[in-house]
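Below, each chain spelled out in residue letters.
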Amino acid sequence: MLRFPGSGSRIPDDDVFLGPLDLAARVDEALAVQAHAFGLSDDEISVRRQIVLRHLTYPGARALGATRADGRLVGFVYGMPNDRAHWWSTVVQPYLRLQGHDGWLDGSFVITELHVHPGYQNRGIGRGLITGLTDTAAQPRSILSAIDIESPARALYRSLGYRDLARQVQFPSAPKPYAVMGAPLPLLRREEPYG
C-alpha cells in the first residue's frame, strides 16, 4: 500500500493508505464520499448505487480506496476495460467520431469514478488513486469524462497526460455538459499533489 502522511490544519496527523478496495462491500461508504465531493441528492445516490454494483460485474472492473488509519474511506476510484456496448460508450461515441477520436473507445481503460472527500483533497490522493489503478491496466490508454469546466479535477487529469478528445458531451439527465479526455498509459508522473 502507498502511504500519504496527512498535513495541513484541516485533518492534522492523519495517515491515508491507498490499496485495493472491495467496492461492492463498501459501496455506501464510497457513495457518501462521492456525495460530499460531487454534491449528490439521496435519489442520485440510490441510482448510482445500482450503477456501481452493475459495473463491478463487468470483466476487469477493479477499484482502489484511500482509507485513514481508523479504516474510514476518504477516497476511491474504479474503472474497467472499455466496451463499446456499454452505455457510456454509446453516448460518447458520436461526439468522439465527430472529432476523429472514435478509435479511443478501443484498447482503453475507463476511469468510471474518482472522488476524494473535500477534507482530503489537494494532498495527492486523487493522483495516487488514478495512477495506482491505471498502472496495472493491460490497455495502452485510458479515457474518462469530467464536467466540461475548468476545475481542479480537469487540471489533475491534464497533469497526468489526459487531453480533451470531445467537449460539450451531453449525457441524458445530466444538467451540465462533459468533456471526454484520453491519455496514453502509463500516466505522467509529477511531484506536486493535485488531487
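Just above, that's the structure.
If you're wondering where the values come from, they're calculated on a predicted model, not measured in any experiment. (Residues numbered from 1 in each chain as written. Predicted model: local features only at pLDDT ≥ 70, side-chain atom pairs only at ≥ 80, totals over all residues. Heavy atoms only, no water.)

Colleague: Honestly, the overall build of the protein in this entry has me stumped. Any pointers?
Modeller: Tallying secondary structure elements over the protein gives 5 helices and 8 strands in all. For the protein, the α and β elements follow one another from N to C terminus as β-β-α-α-β-β-α-β-α-β-α-β-β. Here the protein holds 195 residues, and 46% of them are scored as buried. For the protein, long-range pairs separated by at least 24 residues make up 67% of all intrachain contacts whose partners lie at least 6 apart in sequence. Counting only carbon and sulfur atoms, one obtains 55% of the accessible surface of the protein, whose full area is about 9,600 Å². (Helix = DSSP H or I, 4+ residues; strand = E, 2+ residues; numbered from the N terminus. Buried < 20%, exposed > 50% of the residue type's maximum accessible area, 1.4 Å probe, protein only. Contact = heavy atoms within 4.5 Å. Areas by Shrake-Rupley, 256 points an atom, 1.4 Å probe, with all protein chains shown as cover.)

Colleague: Quick question: what am I supposed to make of helix H3 (residues 87-98) here?
Modeller: Because each turn of an α-helix spans 3.6 residues, side chains separated by three or four positions end up pointing in the same direction. Residues of H3 that are buried include every one of Trp 88, Ser 89, Val 91, Val 92, Gln 93 and Leu 96, and no others. On its buried face, H3 is in contact with strand E5 (108-116), strand E6 (141-147), strand E7 (163-169) and strand E8 (178-184). Following H3 by one or two positions, Gly 100 has its phi on the positive side, about 80 degrees.

Colleague: I would appreciate a short explanation of unusual backbone geometry in the present structure.
Modeller: The step from Leu 185 to Pro 186 runs through a cis peptide bond, and the omega angle for that step is 0 degrees. Looking at the secondary structure, you find Pro 186 in the segment after E8. Of note in the backbone geometry, Asn 122 takes a positive phi value of approximately 65 degrees without being a glycine. By relative accessible area, Asn 122 is classed as exposed at 51%. One non-glycine residue, Gln 168, adopts positive backbone phi at about 60 degrees. Judged by relative accessible area, Gln 168 falls into the partly exposed class, the value being 46%.

Colleague: How should I be thinking about the packing of aromatic side chains in this particular structure?
Modeller: To describe a pair of aromatic rings, one takes the distance between the centres and the angle between the planes. Summed over the entire model, instances satisfying the criterion amount to 3 aromatic pairs. On the basis of an interplanar angle of 65 degrees and a centroid distance of 5.9 Å, the ring pair of Tyr 157 and Tyr 162 is categorised as edge-to-face. Neither residue differs from the other here; Tyr 157 and Tyr 162 are each classed as buried. Just above the ring of Trp 104 sits the side chain of Arg 141; from NZ or CZ to the centre is 4.8 Å. (Phe/Tyr/Trp six-rings, centres within 6.5 Å; stacked < 30°, edge-to-face > 60°. Lys NZ or Arg CZ within 6 Å of the ring centre and 35° of its normal.)

Colleague: For this particular structure, what's the right way to read the pairing of strand E3 (residues 62-68)?
Modeller: Across the 7 residues of E3, 6 count as buried, placing the element largely inside the fold. Of the strand pairs in this sheet, strand E2 (residues 15-20) and E3 are connected by 5 bridges, and their pairing is antiparallel. Within E3, the residue paired with Leu 18 across the bridge is Ala 66. Pairing of E3 with strand E4 (residues 73-81) involves 6 bridges; the strand directions are antiparallel. The residue bridging Gly 65 from the neighbouring strand is Phe 76, located in E4. (Pairing = 2+ DSSP bridges.)

Colleague: Can you help me understand the packing of helix H1 (residues 27-38) against helix H2 (residues 42-55) in this one?
Modeller: Describing two packed helices takes the angle between their axes plus the distance from one axis to the other. It is the contact of H1 with H2, at a shortest axis distance of 10 Å, that shows an interaxial angle of 130 degrees. Classified by the angle their axes make, H1 and H2 are oblique. For H1 against H2, the interelement crossing comes out right-handed. In contact with Val 27, Asp 28, Leu 31, Gln 34, Ala 35 and Phe 38 of H1, H2 contributes Ile 45, Arg 48, Arg 49, Val 52 and Leu 53. Of the residues contributing to the contact of H1 with H2, the split by class is 7 nonpolar, 1 polar and 3 charged. (Axes fitted to C-alpha atoms, helices over the stretch in contact; angles between N-to-C directions. Parallel < 35°, antiparallel > 145°, perpendicular 65-115°, else oblique. Left-handed = near helix turned anticlockwise from the far one by under 90°. Nonpolar A, V, L, I, M, F, W, Y, C, P; charged D, E, K, R; others polar.)

Colleague: Would you take a moment to explain the pairing of E5 for this structure?
Modeller: Taken residue by residue, a regular strand's side chains alternate between the two faces of the sheet. Among the 9 residues in E5, 8 count as buried, and that is most of the element. Direction of pairing for E4 relative to E5: antiparallel, over a ladder of 7 bridges. Opposite Met 80, over in E5, you have Val 110 as the bridge partner. Of the pairings in the sheet, the one linking E5 to E6 comprises 3 bridges and is parallel in character. The residue bridging Ser 108 from the neighbouring strand is Arg 141, located in E6. Viewed along the sheet, the connection from E5 through helix H4 (residues 125-134) into E6 turns out right-handed. (Right-handed = clockwise from strand over helix to strand, strands pointing away.)

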